[in-house]
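One-letter residues, chain by chain:
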Amino acid sequence: MRASDTIVVEDLTKRYRGGVQALAGISFTVREGEIYGLLGPNGAGKSTTVRILATLTRPDSGRAVVAGHDVLREPGQVRRKIGYVAQASGVDRWATGRENLLLQGHLERMPGRELRRRVDELLEQLGLQDAADRLVNTYSGGMRRRLDIAMGLVHRPAVLFLDEPTTGLDPESRALLWADLQRLRAEGSVTILLTTHYLEEADRLCDRLAIIDHGRVIVEGTPAGLKAELRGDRVTLEVEGNASQAVRALDGLPGVLEAVPNGTEVIARVSEGATAIPLLVTALERAGVAVSAVTLSRPSLDDVYLHYTGHRYRGEGEPEEASLAAGAARRA
Amino acid sequence: MGWFVSDTFQLLLRHVKTTLRIPIWILVTLVQPVIWLALYGQLFRRIVDLPGFQVASYIDFLTPGVVIMTAFFGSAWSGMGLLSDLNEGVMSRLLATPVSRGAIIAARVLHAALTVVVQSSLILGLGLLLGASFANGLAGSLAVVLVAALLGSGFSAVSNGLALLARREETLISVINFFGLPLTFLSSAFIASVLMPGWIRAIARFNPVNWAVEAAREAVLGSDWAMVLSRASLLALFAVVCGVFATRAFVTYQRSL
């Protein structure tokens, strides 16, 4: 553990009553001042990890240190240093935004005068000053989310946990929230651990990220680094008929690094997209597989995910980028 | 200890504000006592003529009973607020702060007690409007409010404890419906205990609702203050036991996460 590591997670396991294995030995470290992402589908163990780090749940085994304090041995010290914004909002709908912030600040042990100043400052920063004295019940989803984040920040925590911060937000509110988080990172005063099932969000916001599935880290790195590790281009071929038969036809062709079936598609990673496409299509037709659409793209986090898990990324609500692209190609 | 008191106060303030912002609830909880007093008060007016009843006016007799019954039912539902905190993520947010854990339960119980104080005063006033006269005046009425608040504290602690263990609204609703009316009718809320069948009277001796009804009635109409004090002490003990139960339930809840 280095001095600059703000969060250290070592081999956490957790099995819920009822037998669900939520965590199967997850380990990662988050450095001071960075935004670190846990990316994975629903049920991968992201929320459980965050709940353990926020002292809300106890792991079955393993160790976790947050801002210099062990979450099991010194939960009280950890709570003073963290802000926790859960997936379920957790604000009081029958209180105003300001009242929510003031109560949160009191419970976070902030002295009164400083707290009132801080609340004004946060309301202004997050563009909530006009709505400050209205009941939260009247807020839009985006406003409520910004208030959630303000609640997490009111006591200037060293670490902020954001569990699925933009789930359920419209694209405009999501963009606003991303801008807020980017500004926070620029200020550099808080280390942020966020979970998301949006590839784009992880790509945009995170300095480093871990892709997790079935309760363990599959691969960790910077978004750019992870994508760079995958050489070549991605070719998505929509085929009529058996995708696994198509994969057999492509395996071993010169220039094909990897071919994976995905429903009615075959996703091939090739060293040089432009020259590979005619070869791929010819090989498939020779094997009796008709190709209805072809798209070429640079590797995305989706490909990183595919490469390490063997299956396509299916985040809830994620736009089906590949099939949209295929549709566009067909129309063209 | 300092944080316990200040956190309890802050959280209590939150609950009180919420109640005042949904005033319909205050109204709804008062509709029933109005019906009990106005309707039953009329319907069973002649019941006092039965030999052994010992009270001349049924509305005098009924009002303290309705105060206690309303305190009992109102506080038994107190766990619903905590359930909505659990479901909306408010509880998780609170538990991730250094907030005093005891304050979370204490604020709920105090809020229930405070609500009972307001409701009891209103019902006593309503009884007066409907022609009741309380021999012991203001002192008696204050004692009724205190007894009702003690009972309310106990049952709100039970309700919050059950909410933490069951974590489902359905469970809480069925438990309250299952025990609510029996506990009321196994008491002298509506009829003098001398007129109850022996077995009911025997059960009623162990029923906290009945302790409160007897104490409240004696406080407004009677003169046996030793009895009022002994019932009030029993109710205080009951509230403490329920408070311990709720606190243990909270620990169980946190461990189970």
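None of the values given here were measured: they were computed from a predicted structure. (Residues numbered from 1 in each chain as written. Chains lettered and ligands numbered in written order. Predicted model: local features only at pLDDT ≥ 70, side-chain atom pairs only at ≥ 80, totals over all residues. Heavy atoms only, no water.)

Things to note about the sheet that holds strand β14 (residues 290–297) of chain A
Residue and element names in this part refer to chain A. To keep things clear, this is the line we draw: Pairing between strands is defined by DSSP: at least two bridges between them are needed. Strands are runs of DSSP state E lasting at least 2 residues, helices are runs of H or I lasting at least 4, and numbering of each runs from the N terminus. Orientation is described by axes fitted as lines to C-alpha atoms, over the contacting stretch for helices, and by angles from 0 to 180 degrees between their N-to-C directions. A contact between two residues is defined here by any heavy atoms of the two lying within 4.5 Å.
An order of β12-β13-β11-β14 is seen for the four strands of this open sheet, with the pairing classed as antiparallel. Because the sheet does not close on itself, it has two edges, and the strands there are β12 (256–262) and β14. Taking each pair of neighbouring strands and ignoring which way they run, the sheet shows an average axis angle of 20°. On top of the sheet, helix α9 (residues 243–250) reaches β11 (233–240), β12 and β13 (265–270); it is set at about 175° to β12, its chief contact. Contacting β11, β12 and β13, helix α11 (residues 301–309) crosses the sheet at an angle of about 95° to β13.

A word on the packing of helix α10 (residues 208–221) of chain B against helix α11 (residues 225–255) of chain B
Residue and element names in this part refer to chain B. Spelled out, the test is: What makes a crossing left-handed is the near helix being turned counterclockwise from the far one by less than a right angle; a clockwise turn instead makes it right-handed. In this classification, Asp, Glu, Lys and Arg are treated as charged, Ala, Val, Leu, Ile, Met, Phe, Trp, Tyr, Cys and Pro as nonpolar, and every other residue, Gly included, as polar.
The geometry of α10 relative to α11 is characterised by a closest axis approach of 9 Å and an angle of 145° between their N-to-C directions. α10 and α11 meet at a crossing whose hand is left-handed. Contacts between α10 and α11 pair P208, W211, A212, E214, A215, E218 and A219 from the former with W225, M227, V228, R231, L234, L235 and F238 from the latter. Across the contact of α10 with α11, the residue classes tally to 11 nonpolar, no polar and three charged.

A few points about the environment of L114(B)
Turning to its location among the elements, L114(B) is positioned in helix α6 (residues 101–129). For the pair L114(B) and A149(B), spaced 35 residues apart in sequence, the C-alpha separation works out to 7.3 Å.

Describing the sheet that holds strand β10 (residues 216–221) of chain A
Residues and elements named next belong to chain A. Pairing within the open sheet is mixed, and its six strands lie in the order β6-β7-β8-β3-β9-β10. The open sheet has two edge strands, β6 (82–85) and β10, and neither has a second partner. Across this sheet, the average inter-strand angle for adjacent strands is 15°, counted without regard to direction. Strand contacts of helix α5 (residues 141–153): β6 and β7 (159–163), with the helix running at about 160° to β6, the strand carrying the most contacts. Against the sheet, α11 makes contact with β3 (35–39), β9 (208–213) and β10, and its axis sits at roughly 45° relative to β9, the strand it touches most.

Remarks on the interface of chain B and chain A
Where the parts come together, the accessible area they lose is often given as the size of the interface. Defined as follows: The rule for a salt bridge is simple: a side-chain nitrogen of Lys or Arg has to be within 4 Å of a carboxyl oxygen of Asp or Glu. Pairs of N or O atoms within 3.5 Å make up the polar contacts considered here, provided that, within protein, one atom can donate a hydrogen while the other can accept it, and that residues adjacent in sequence are counted only when both atoms are side-chain atoms.
Across the contact, 26 residues belong to chain B and 32 residues belong to chain A. At the boundary of chain B with chain A, the tally comes to five salt bridges. Along the contact surface separating chain B from chain A lie 13 residue pairs in polar contact (both at pLDDT 80 or more). Of all elements in the fold, only α1 (2–21) and α5 (90–95) of chain B reach the threshold of two or more residues within the side of chain B that touches chain A. At eight residues, α1(B) tops the list of elements feeding residues into the side of chain B that touches chain A. When grouped by side-chain class, the residues that make up the side of chain B that touches chain A number 10 nonpolar, eight polar and eight charged.

With respect to the nonpolar core
Soluble globular proteins tend to pack their nonpolar side chains together in the buried interior. Using the following cut-off: Here the nonpolar core consists of buried residues drawn from Ala, Val, Leu, Ile, Met, Phe, Trp, Tyr and Cys, with membership extended through side-chain atoms lying within 4.5 Å. Throughout, exposure labels follow a simple rule: accessible area from a 1.4 Å probe, protein chains only, divided by the maximum for the residue type, with under 20% read as buried, over 50% as exposed, and the rest as partly exposed.
Within the largest apolar cluster, 103 residues are counted, with the highest numbers of intra-cluster contacts made by V66(A), F161(A) and L193(A). Ranked by the residues each element gives to this core, the list is headed by helix α3 (residues 58–76) of chain B, at 12 residues. Counting 45 residues, the second-largest nonpolar core is a separate cluster that includes M110(A), L177(A), L226(A) and V304(A).

Some details on α5(A)
Put simply, the rule is: Helix span is expected to be 1.5 Å times the residue number reduced by one.
The terminal C-alpha atoms of α5(A), which comprises 13 residues, lie 19 Å apart, in line with the 18 Å expected from a rise of 1.5 Å per residue. The buried fraction of α5(A) amounts to 11 of the 13 residues, a majority that puts the element mostly inside the structure. Taken as a whole, α5(A) has its buried residues at G142(A), M143(A), R145(A), R146(A), L147(A), D148(A), I149(A), A150(A), M151(A), G152(A) and L153(A). Among the structural elements, β6, α3 (97–107), α4 (112–125), β7 and α6 (171–187) of chain A together with α5 of chain B are those in contact with the buried residues of α5(A).

Topic: the side chain of D180(A)
Residue and element names in this part refer to chain A. Along the chain, the position of D180 falls in helix α6. For D180, a relative accessible area of 10% translates into the label buried. With near-sequence residues (within four places) excluded, D180 lies in contact with L126 and R146.

Observations regarding the pattern of salt bridges
Considering all chains together, one arrives at 23 salt bridges over all chains under this definition. Note that K46(A) is salt-bridged to E164(A), the shortest N-O span being 3.4 Å. Of this pair, K46(A) sits in helix α1 (residues 46–53) while E164(A) sits in the loop between β7 and α6, and the two are 118 residues apart along the sequence. As far as burial versus exposure is concerned, K46(A) and E164(A) are alike and both buried. Across the salt bridge formed by R118(A) and E121(A), the nearest N and O atoms sit 2.7 Å from each other. Here R118(A) pairs with E121(A), and both are found in helix α4, just three residues apart, close to one helical turn. Residue E121(A) is classed as partly exposed on the basis of its relative accessible area, which comes to 32%. Sharing partners across several salt bridges, the network here consists of D92(A), R14(B), D85(B) and R108(B).

Some points on a nonpolar patch on the surface
Here is the rule we go by: Residues enter a patch when their relative accessible area is above 30% and they make no salt bridge; the linking distance is 9 Å between like charges and 5 Å between nonpolar side chains (Val, Leu, Ile, Met, Phe, Trp, Tyr). Under the convention used here, a 1.4 Å probe and the Shrake-Rupley method define accessible areas, while residue burial counts only the protein chains that appear.
Together, I24(B), W25(B), L27(B) and V28(B) make up a nonpolar patch on the protein surface, roughly 440 Å² of accessible area in all. For L27(B), the location among the structural elements is in helix α2 (residues 24–43).

Overview of unusual backbone geometry
Residues and elements named next belong to chain A. Positive phi, normally seen in glycine, also occurs at A67, with a value near 50°. Along the chain, A67 turns up in the loop between β4 (61–66) and β5 (69–70). A67 gets classed as buried once you look at its relative accessible area, which sits at 19%. One non-glycine residue with positive phi stands out, namely R156, at about 50°. Assignment of secondary structure puts R156 in the loop between α5 and β7.

Quick word on the confidence of the model for chain A
Here is the rule we go by: Predictor confidence is given residue by residue as pLDDT, running from a minimum of 0 to a maximum of 100.
In the predicted model, chain A carries a mean pLDDT of 86, and the fraction of residues at 70 or more is 92%. In this model, residues 316–332 of chain A is a region of pLDDT below 50 whose contacts with residues beyond four sequence positions or in other chains number 23 contacts.

Here's the deal with the environment of S89(A)
Summarising the element assignment, S89(A) is placed in the loop between β6 and α3. We classify S89(A) as partly exposed; its relative accessible area is 22%. A C-alpha to C-alpha distance of 9.8 Å links S89(A) and G141(A), two positions 52 residues apart in sequence. Excluding its chain neighbours within four sequence positions, the residues that come into contact with S89(A) are R144(A), R145(A), D148(A) and E88(B).

Thoughts on the pairing of strand β2 (residues 21–31) of chain A
Residue and element names in this part refer to chain A. Of the strand pairs in this sheet, strand β1 (residues 5–15) and β2 are connected by eight bridges, and their pairing is antiparallel. Note on β2: the bridge partner recorded for V9 is F28. As consecutive antiparallel partners, β1 and β2 are separated by five residues, and within that stretch G18 has a phi angle of approximately 105°, a positive value.

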